[in-house]
Amino acid sequence: MRSKPATALCDSEMLSPEELKTRLRQVGEERYHHRHPFHLMMHEGQLSRGQLQAWALNRYYYQSIIPIKDSIILSRSEDPEFRRAWRKRVIDHDGDATHAGGIERWIKLAEATGLERQRVLRGEEALPATRYAVDAYLSLVRSRSFLEAVASSLTEMFSRDLITLRMDRLRQHYPWLSGGLDYFTARLDQAPEDARFALQWVTDNARTRPEQELVIAALRAKCDILWAQLDALYFAYVQPGWPPPGAFRIRES
């Protein structure tokens, strides 16, 4: 008996909405950067001030492109309802005339580590691998399907638990950072709200099994991008501790 063509088989085996959500949560459990050794060291109080400075400075490069990423996604949508829901993300990070956004709050966190504002803004000392990883994220949302671009944001499904843990551990182990944690406080509400919308949208709009698999793969790719940034930090500032030429250098007192 002849087997069904692969495409027909995929179409006939659509995941239910709950099955798709379960698969996505499995990706987060396995691949989200809450398990990375650099984060584990942070949460156990094992990082020095200099290592936290390296983290804050490099992470700023990622933070700075988030509204650019979201603007690219906005520009690709022909649906006014989608655009109305998504544009809050840009304001959340850029701020507006009435309040500072997430980028400004991240700069305050970096300043709390002891870094000068202009040094952070210049970004000249970010690791090359940080730049490659972040630029790969921009490439993903520009060049892959619109469905994949939206699905790549679904790491926000997992961020609330990590943020809650991080705030608790930063206050416990690095009390001198407490005045710079407003970024995380804001994300406790913003990230789950954004994740609910994106999860519902991709669930509704992934209408074939191949499209569902693209959604899962896009989330996996985003997790890899986040993990790669921490790999770079660990290699440069923990073990073996080899920052490349031009990158931030730790100067411990």
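This text goes with the structure placed above it.
Residues numbered from 1 in each chain as written. Predicted model: local features only at pLDDT ≥ 70, side-chain atom pairs only at ≥ 80, totals over all residues. Heavy atoms only, no water.

Student: Would you mind showing me how to read the side chain of Gln212 here?
Tutor: Mapped onto the elements, Gln212 comes out in helix 12 (residues 209–237). Beyond its immediate sequence surroundings of up to four residues, Gln212 is in contact with Met14, Leu15, Leu20 and Ala206. (Helix = DSSP H or I, 4+ residues; strand = E, 2+ residues; numbered from the N terminus. Contact = heavy atoms within 4.5 Å.)

Student: Explain the environment of Ala217 here, please?
Tutor: Residue placement: Ala217 occurs in helix 12. Taking the C-alpha atoms as reference points, Ala217 and Leu24, 193 residues apart in sequence, are found 9.3 Å from one another.

Student: I would appreciate a short explanation of unusual backbone geometry in the present structure.
Tutor: In this chain, Gln239 is followed by Pro240 through a cis amide linkage whose omega measures 5°. Looking at the secondary structure, you find Pro240 in the segment after helix 12.

Student: Looking at this structure, how should I read the nonpolar core?
Tutor: Nonpolar side chains in soluble globular proteins tend to be buried together. Within the largest apolar cluster, 42 residues are counted, with the highest numbers of intra-cluster contacts made by Leu24, Ile73, Val150, Leu154, Val202 and Val215. Among the secondary structure elements, those contributing two or more residues to this core are helix 2 (17–31), helix 4 (49–76), helix 5 (80–94), helix 8 (128–143), helix 9 (146–151), helix 10 (156–173), helix 11 (182–205) and helix 12. A total of 8 residues in this core trace back to one element, the largest contributor, which is helix 12. Setting aside residues no more than four positions away along its own chain, Val215 makes contact with Leu24, Leu147, Ala151, Leu154, Val202 and Ala206. The next biggest cluster of nonpolar side chains, apart from the first, holds 34 residues, and it includes Leu115, Leu230, Ala247 and Phe248. (Core = buried A, V, L, I, M, F, W, Y, C linked by side-chain atoms within 4.5 Å. Buried < 20%, exposed > 50% of the residue type's maximum accessible area, 1.4 Å probe, protein only.)

Student: How do you make sense of the pattern of salt bridges when you look at a structure like this?
Tutor: Side-chain pairs of opposite charge can arise whenever the charged atoms involved come near each other. Throughout the structure, instances matching the rule amount to 18 salt bridges. Among the salt bridges present, the one from Lys21 reaches Glu18, with a minimum N-O distance of 3.8 Å. In this pair, Lys21 and Glu18 are both assigned in helix 2, 3 residues apart and thus about one turn of the helix distant. Residue classification places Lys21 among the buried residues on the basis of a relative accessible area of 14%. Taking relative accessible area as the criterion, Glu18 reaches 47% and is therefore assigned partly exposed. One network of salt bridges, with partners in common, ties together Lys88, Arg89, Asp92, Glu156, Arg187 and Asp194. (Salt bridge = Lys/Arg side-chain N within 4 Å of Asp/Glu carboxyl O.)

Student: Sorry, what's going on with the packing of aromatic side chains here?
Tutor: Here a ring pair, both rings aromatic, is described through the centre-centre distance and the interplanar angle of the planes. Taken as a whole and judged by the stated rule, the model has 15 aromatic pairs. Centroid distance Phe82 to Phe146: 5.3 Å. Interplanar angle 65°. Geometry classified as edge-to-face. Placement of the pair is Phe82 in helix 5 and Phe146 in helix 9, with a sequence separation of 64 residues. Phe82 gets classed as buried once you look at its relative accessible area, which sits at 2%. Counting every residue linked through ring pairs, the aromatic cluster contains Phe82, Trp86, Phe146, Phe197 and Trp201. Arg89 extends its terminal NZ or CZ atom over the ring of Trp86, reaching a point 3.6 Å from the ring centre. (Phe/Tyr/Trp six-rings, centres within 6.5 Å; stacked < 30°, edge-to-face > 60°. Lys NZ or Arg CZ within 6 Å of the ring centre and 35° of its normal.)

Student: What exactly am I supposed to notice about the environment of Leu40 here?
Tutor: With respect to the secondary-structure elements, Leu40 resides in helix 3 (residues 37–43). Overall, the relative accessible area of 37% leaves Leu40 in the partly exposed class. As a C-alpha pair, Leu40 and Arg166 span 126 residues in sequence and 9.9 Å in three-dimensional space. The residues touching Leu40, leaving out its near neighbours within four places in the chain, are His34 and Arg35.

Student: What should I look at first to understand helix 10 in this one?
Tutor: Residues spaced three or four apart along an α-helix point in a common direction, a consequence of the helix completing one turn every 3.6 residues. Here helix 10 spans 25 Å end to end across 18 residues, near enough to the 26 Å set by a 1.5 Å rise per residue. Helix geometry: helix 10 is bent most strongly at Leu162, by close to 25°. For helix 10, the set of buried residues is Glu156, Phe158, Ser159, Leu162, Ile163, Arg166, Met167 and Leu170. Packing partners of the buried residues in helix 10 comprise helix 2, helix 3, helix 4, helix 5, helix 11 and helix 12. (Expected span 1.5 Å × (residues − 1). Bend = angle between axes of the 7 residues up to and from the residue.)

Student: Is there a simple way to explain the packing of helix 4 against helix 12 in this structure?
Tutor: Angle between the axes and distance between the axes are the two parameters that describe a pair of packed helices. At a minimum axis distance of 11 Å, the contact between helix 4 and helix 12 shows a crossing angle of 145°. The interaxial crossing formed by helix 4 with helix 12 has right-handed handedness. Mapping the contact onto sequence places Gln51, Ala54, Trp55, Asn58 and Tyr62 in helix 4 and Lys222, Leu226, Gln229, Leu233 and Tyr237 in helix 12. Counted by class, the contact of helix 4 with helix 12 contains 6 nonpolar, 3 polar and 1 charged residues. (Axes fitted to C-alpha atoms, helices over the stretch in contact; angles between N-to-C directions. Left-handed = near helix turned anticlockwise from the far one by under 90°. Nonpolar A, V, L, I, M, F, W, Y, C, P; charged D, E, K, R; others polar.)

Student: Just checking my understanding: could you explain helix 2 for this structure?
Tutor: Helix length check: helix 2 (15 residues) gives 21 Å between terminal C-alpha atoms against 21 Å at 1.5 Å per residue, within 8%. Considered for burial, the residues of helix 2 that qualify are Leu20, Lys21, Leu24, Val27 and Gly28. For helix 2, the arc enclosing every buried residue in end-on projection is 110°, short of the 170-degree limit, so these residues lie on one face. (Arc of directions from axis to C-beta.)

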